[in-house]
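Below are the chains, spelled out letter by letter.
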Amino acid sequence: MKRISIHPDSGEVSEAGLVATDLSEIYGLCMYQPEPGAMHVFVNDKDGRYQQYELYQQGQKINGRKVRSFRVASQPEGCVAFDRQRVLFVGEESEGVWTIGADASAGTVLSPVVKTGSLLQDDVEGIAVYEQPGNAYLIVSSQGNDSYLVLDANAPYQVRGAFRVGINARAGIDGASETDGLDVTSAGLGTHFSRGMLVVQDGRNRMPEATQNFKYIPWQSIQTALNLE
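Residues numbered from 1 in each chain as written. Predicted model: local features only at pLDDT ≥ 70, side-chain atom pairs only at ≥ 80, totals over all residues. Heavy atoms only, no water.

Student: What should I look at first to understand helix H1 (residues 219-226) in this one?
Tutor: Since the α-helix packs 3.6 residues into each turn, any two residues three or four apart lie on the same face. Within H1 the residues assigned to the buried category are Trp219, Gln220, Ile222, Gln223 and Leu226. Seen from one end, H1 has its buried residues packed into an arc of 160°, which puts them on one side. When the buried face of H1 is taken as reference, the exposed residues oriented beyond 90 degrees from it are Thr224 and Ala225. Following H1 by one or two positions, Asn227 has its phi on the positive side, about 55°. (Buried < 20%, exposed > 50% of the residue type's maximum accessible area, 1.4 Å probe, protein only. Helix = DSSP H or I, 4+ residues; strand = E, 2+ residues; numbered from the N terminus. Arc of directions from axis to C-beta.)

Student: So what exactly am I meant to see when it comes to the pattern of salt bridges here?
Tutor: Tallying each qualifying case throughout the model produces 12 salt bridges. Its salt-bridge partner being Glu131, residue Arg84 comes within 3.3 Å of it at the nearest N-O pair. Separated by 47 residues along the polypeptide, Arg84 in the loop between strand S7 (76-82) and strand S8 (87-92) and Glu131 in strand S11 (residues 124-131) bring together distant segments of the chain. Assessed through its relative accessible area of 37%, Arg84 is described here as partly exposed. For Arg204, the salt bridge identified is with Asp146, shortest N-O distance 3.5 Å. With a gap of 58 residues between them, Arg204 in the loop between strand S16 (197-202) and strand S17 (205-206) and Asp146 in the loop between strand S12 (136-142) and strand S13 (147-152) connect regions that are remote in the sequence. The partly exposed category is assigned to Asp146, whose relative accessible area is 23%. (Salt bridge = Lys/Arg side-chain N within 4 Å of Asp/Glu carboxyl O.)

Student: Explain the packing of aromatic side chains here, please?
Tutor: A ring pair, where both rings are aromatic, is described by two values, the distance of the centres and the angle of the planes. Evaluation of the coordinates by the stated rule reveals five aromatic pairs. Aromatic pair Tyr50 and Phe70: ring centres 5.2 Å apart, planes at 5°, arrangement stacked. Taken together, the residues Tyr50 in strand S5 (residues 49-58) and Phe70 in strand S6 (residues 61-71) connect sequence positions 20 residues apart. Comparing Tyr50 with Phe70, the two get one shared label, buried. Taken together, a centroid distance of 5.9 Å and an interplanar angle of 85° make the contact between Phe89 and Tyr157 edge-to-face. Of the two residues, Phe89 is situated in strand S8 and Tyr157 in the loop between S13 and strand S14 (159-163); the sequence distance between them amounts to 68 residues. Side by side, Phe89 and Tyr157 carry an identical accessibility label, which is buried. In this structure an aromatic cluster arises from ring pairing among Tyr130, Tyr137 and Trp219. The ring of Tyr56 carries the charged tip of Arg65 above its face, separated from the ring centre by 4.3 Å. (Phe/Tyr/Trp six-rings, centres within 6.5 Å; stacked < 30°, edge-to-face > 60°. Lys NZ or Arg CZ within 6 Å of the ring centre and 35° of its normal.)

Student: Looking at this structure, I do not really get the sheet that holds strand S10 (residues 111-115). What am I missing?
Tutor: To summarise the sheet geometry, strands pair through backbone hydrogen bonds and adopt either a parallel or an antiparallel arrangement. Taken in spatial order, the four strands line up as S7-S8-S9-S10 in an open sheet, and their pairing is antiparallel. The two strands at the open ends of the sheet, each matched to only one other strand, are S7 and S10. The sheet shows a mean angle of 20° between the axes of neighbouring strands, taken without regard to direction. Note: S8 against strand S9 (residues 96-101), six bridges, orientation antiparallel. Considered in S9, the bridge of Glu92 is made with Gly96. (Pairing = 2+ DSSP bridges. Axes fitted to C-alpha atoms, helices over the stretch in contact; angles between N-to-C directions.)

Structure, rendered in structure tokens:
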């Protein structure tokens, strides 16, 4: 597992360290900050195993120690830590989304958040948390029907709705489909993105026919479509 750093002044990318794992094929990764100055990373294998590593400084490099292992029954996908609530959400491609405490002491038992079915269709792919002081939402890529599910990031995880990213013909931008990864921020990024931005990978780029790319969606458009707070 390679760690990469970006120099804050020059933007130069360099290797920050290597952390050995016993996983055969690392498939997904997400990070967790339990408190300022601390950092953990979760990695998973196609066989369903998850491992949690505590990162630490060793000289000029970053190293890590394994602090917990758990697993899902079949192939996993994306994961995201909700730092404020100290919980981790994990995706299982054919089954749905699960949650578990993000701290190493939280055990190995996962609890269901949402199962695949009518709105969430396999494969379950990327997962992210949109966080504001008063509320937070979990966004999940529902690759089986080229849509995105939105639900509360706090129990009982009420489903708020689902949406697709459609064509903007005037701007010559196609929609988004076959999304693997996504991420979201609530930071004000100005103009169209004053309430944040959702970024989704578009696996089928049609305008024009080209390789995959990324689509940027203003959070306020999602907020309006699903009547979110």
